[in-house]
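# Close look at the chain arrangement
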Amino acid sequence: MRALTWQGKRDVRVETVPDPRIEEPTDAIIRVTSSGLCGSDLHLYEVLTPFMTPGDILGHEPMGIVEEVGAAVPDLQVGDRVVVPFQIACGNCWMCLTGLPTQCETTQVSAEGMGAALFGYTRLYGAVPGAQAEYLRVPQAQYGPIKVPEGPSDDRFLYLSDVLPTAWQAVAYAGVPQGGSVAVLGLGPIGDMACRIAQVQGAGRVFGVDLVPERLRRAKERGVETFDLRSFDDDKELVAAIRDQTDGRGPDAVIDAVGTEAHGSAAARMVQNASALLPRKLGGPMAERFSVDRLAALYTAIELVRRGGTISISGVYGGMADPMPMLTLFDKQIQMRMGQANVRRWSDEIIPYLTDEDPLGVDDFATHHLPLSEAPHAYDMFQKKQDGAVKVVLRP
């Protein structure tokens, strides 16, 4: 089959690789019909390269048609149309039963001290072959895949794999009161969708912050009060502008949908780049022990949120030596919640919104649909924020 493989920093290639096969009774094989390109994939493209191996297959946002099922997968049949969550979980362990499949005790990558295995996401999460490919082996298929009806286009359901549950959890963790206010930092796919979800769930005011014109325009067209970072000399001016809209207090909640690749933080970027350039045997241990993040967005969230408010982090961070302003966090009594999205915890709540009325705007959420053969171009375009690229869907 053809699949997108990682070969080095900013070097991804579509190559011919062996077809996946059933390896365990709980496996299924799907023929991928659509696969999203996620902002998290860009971390593998540059920041997390010390944890990658040449030939790794990328991608973790797939849907497709079931081609084969293992003997211990009773609820799937050949021909079923399914969305596959980005994490691999059993559904039966204590963590899964308490609504935390991202911490699944069956698939935890304990050798790396990490949570549940993920598709296409470094050796830290099991080095499981990913979904930007023609076919995908799905472990723990007795629990993971979400069956969806025939009829609507893939885009109606594809985002159940990651974007929708990640944004849904971000809003849930933010705890925005009815009629309250929330600021979303970063209007990429997750931040954009988090704004939409906050609106349909009853937030009174939703503020969106970004510096990419296309992202700001999309959010503004859906009623988000947008703030262009380029219009402010520094973060303090931005914070003051939003506080002016919230009686001087700041919003009830702030969602950090940016993560480790925030603009600014030049010193942290230098450290990230240095570890990425080292040989893998040296770069991996350095990144694990001494890595730092570009924390500009998180610092802004801490400054912006009102006293007693909540910060919800959906942007990916990976630093082990990050300086945190603990005095400010303690003094302001800020609550923080974060983590990988627990897809199956939220999917049943989300599906009723995927109706013909399309209140979340999923049908036209993608800005680009490209064949898998153009995936290297898609990564380059998405990272450089060219051609209005906000969400890219690959079609094998």
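Residues numbered from 1 in each chain as written. Predicted model: local features only at pLDDT ≥ 70, side-chain atom pairs only at ≥ 80, totals over all residues. Heavy atoms only, no water.

- An unreviewed UniProt entry annotates the protein chain as Glutathione-dependent formaldehyde dehydrogenase of Streptomyces pilosus.
- What UniProt states about the protein chain under its Sequence similarities (unreviewed entry) heading is, verbatim, "Belongs to the zinc-containing alcohol dehydrogenase family."
- As stated in UniProt under Cofactor (unreviewed entry), the record for the protein chain gives "Zn(2+)". (UniProt positions renumbered as here; feature names shortened; annotations may be inferred.)

### Looking at the pairing of strand 4 (residues 62–69)
- With 7 bridges joining them, strand 3 (residues 28–37) and strand 4 adopt antiparallel strand pairing. The residue bridging serine 34 from the neighbouring strand is methionine 63, located in strand 4. (Pairing = 2+ DSSP bridges. Helix = DSSP H or I, 4+ residues; strand = E, 2+ residues; numbered from the N terminus.)

### What to know about helix 11 (residues 343–350)
- For helix 11, every residue scored as buried is listed here: Val343, Trp346, Ser347 and Ile350. The buried residues of helix 11 occupy an angular sector of 120° when the element is viewed end-on, so they sit on one face.
- Of the surrounding secondary structure, the elements contacted by the buried residues of helix 11 are strand 7 (146–147) and helix 3 (163–174). (Buried < 20%, exposed > 50% of the residue type's maximum accessible area, 1.4 Å probe, protein only. Arc of directions from axis to C-beta. Contact = heavy atoms within 4.5 Å.)

### Looking at the packing of helix 6 (residues 235–244) against helix 9 (residues 296–304)
- Interaxial distance between helix 6 and helix 9 falls to 10 Å at its minimum, and their mutual angle equals 40°. One element, helix 6, and the other, helix 9, form an angle in the oblique class. The crossing of helix 6 and helix 9 is right-handed. Of helix 9, the residues touching helix 6 (which contributes Asp235, Lys236, Leu238, Val239, Ile242 and Arg243) are Ala296, Thr300, Glu303 and Leu304.
- Along the lines of polarity and charge, the residues of the contact of helix 6 with helix 9 split into 5 nonpolar, 1 polar and 4 charged. (Axes fitted to C-alpha atoms, helices over the stretch in contact; angles between N-to-C directions. Parallel < 35°, antiparallel > 145°, perpendicular 65-115°, else oblique. Left-handed = near helix turned anticlockwise from the far one by under 90°. Nonpolar A, V, L, I, M, F, W, Y, C, P; charged D, E, K, R; others polar.)

### So, the packing of aromatic side chains
- Counted according to the given criterion, the structure contains 5 aromatic pairs.
- Judged by centre distance (5.3 Å) and plane angle (70°), the rings of tyrosine 159 and phenylalanine 365 are edge-to-face. Taken as a pair, tyrosine 159 in the loop between strand 7 and helix 3 and phenylalanine 365 in the loop between helix 11 and strand 14 (368–371) lie far apart in primary sequence, 206 residues in all. The exposure classification of tyrosine 159 matches that of phenylalanine 365, with both residues buried.
- Taking NZ or CZ as reference, arginine 344 lies 5.3 Å from the ring centre of tyrosine 143, over its face. (Phe/Tyr/Trp six-rings, centres within 6.5 Å; stacked < 30°, edge-to-face > 60°. Lys NZ or Arg CZ within 6 Å of the ring centre and 35° of its normal.)

### Some points on the nonpolar core
- Counting residues in hydrophobic clusters, the biggest one holds 72 residues, and the most contacted among them are Tyr159, Leu164, Met193 and Ile255.
- When residues in this core are grouped by element, the largest group, 8 residues, is from helix 3.
- With residues up to four places along the chain from it excluded, the contact list for isoleucine 255 reads Ala170, Val171, Ala174, Val182, Ala183, Val184, Leu185, Ala194, Ser312 and Ser314.
- By size, the runner-up hydrophobic cluster in this structure holds 21 residues, among which are Leu185, Ile311, Ile313 and Leu329. (Core = buried A, V, L, I, M, F, W, Y, C linked by side-chain atoms within 4.5 Å.)

### Looking at the sheet that holds strand 10 (residues 225–228)
- The sheet built from 6 strands is open, its strands ordered 10-9-8-11-12-13 with parallel pairing. A single partner strand is all that each edge strand has here, and the edge strands are strand 10 and strand 13 (335–338). Between one strand axis and the next, the sheet turns by 20° as a mean value, whatever way the strands run.
- In this structure, strand 9 (residues 205–210) lies alongside strand 10, joined through 4 bridges in parallel fashion.

### Brief notes about a negative patch on the surface
- On the surface, Asp233, Asp234, Asp235 and Glu237 cluster together into a patch of negative charge.
- Relative to the helices and strands, aspartate 235 resides in helix 6. (Patch = residues over 30% accessible without salt bridge, like charges linked within 9 Å, V, L, I, M, F, W, Y side chains within 5 Å. Areas by Shrake-Rupley, 256 points an atom, 1.4 Å probe, with all protein chains shown as cover. Salt bridge = Lys/Arg side-chain N within 4 Å of Asp/Glu carboxyl O. Lys, Arg positive; Asp, Glu negative; His and termini not counted. Charge placed at Lys NZ, Arg CZ, Asp CG, Glu CD.)

### A few points about helix 3
- Its 12 residues give helix 3 an end-to-end C-alpha distance of 16 Å, which sits within 8% of 16 Å, the value for a rise of 1.5 Å per residue.
- Among the 12 residues of helix 3, 11 are classified as buried, and the element is accordingly described as predominantly covered.
- Taken as a whole, helix 3 has its buried residues at Val163, Leu164, Pro165, Thr166, Ala167, Trp168, Gln169, Ala170, Val171, Tyr173 and Ala174. (Expected span 1.5 Å × (residues − 1).)

### Describing the side chain of aspartate 256
- Relative to the elements of secondary structure, aspartate 256 occurs in strand 11 (residues 253–256).
- Buried and unpaired, aspartate 256 has no salt bridge, with arginine 215 as the nearest side chain of opposite charge at 11 Å.
- A polar side-chain atom of aspartate 256 sits 2.9 Å from the main-chain amide nitrogen of valine 258.
- In this structure aspartate 256 touches Leu185, Ala297, Leu298, Ser312, Ile313, Ser314, Gly315 and Tyr317, once residues within four positions along its chain are discounted. (Polar contact = N/O pair within 3.5 Å; in protein donor to acceptor, adjacent residues only side chain to side chain.)

### Focus on the pairing of strand 14
- Burial along strand 14 is one-sided: the face carrying His368 and Leu370 is buried and the face carrying His369 and Pro371 is not.
- Each parallel crossover has a hand, and for strand 14 linked through helix 12 (residues 375–383) to strand 15 (residues 392–395) it is right-handed. (Right-handed = clockwise from strand over helix to strand, strands pointing away.)

### A few points about the pattern of salt bridges
- Going through the model one piece at a time under the given rule, you end up with 22 salt bridges.
- Through salt bridges with shared partners, one network takes in Glu23, Asp27 and Arg137.

### A few points about the state of the cysteines
- Within this structure, the stated rule accounts for 0 disulfides.
- Between cysteine 93, a cysteine without a disulfide, and cysteine 96, which holds the nearest cysteine sulfur, the sulfur-to-sulfur distance is 3.6 Å.
- Residue cysteine 93 is classed as buried on the basis of its relative accessible area of 9%. (Disulfide = S-S within 2.5 Å.)

### Side note on the environment of proline 323
- Within the secondary structure, proline 323 sits in the loop between strand 12 (310–313) and helix 10 (326–331).
- Considering only alpha carbons, one finds proline 323 and leucine 295, 28 residues apart in sequence, at a separation of 8.8 Å.
- Aside from chain neighbours lying at most four places away, what touches proline 323 is Leu295 and Tyr299.

### So, the packing of helix 3 against helix 11
- Two elements in contact, helix 3 and helix 11, have axes separated by 9 Å at closest approach and are oriented at 90°. Accordingly, the angle class assigned to the pair helix 3 and helix 11 is roughly perpendicular. Contacts from Leu164, Pro165, Trp168, Gln169, Ala172 and Tyr173 in helix 3 reach Val343, Trp346, Glu349 and Ile350 in helix 11.
- Taken together, the residues that form the contact of helix 3 with helix 11 break down as 8 nonpolar, 1 polar and 1 charged.

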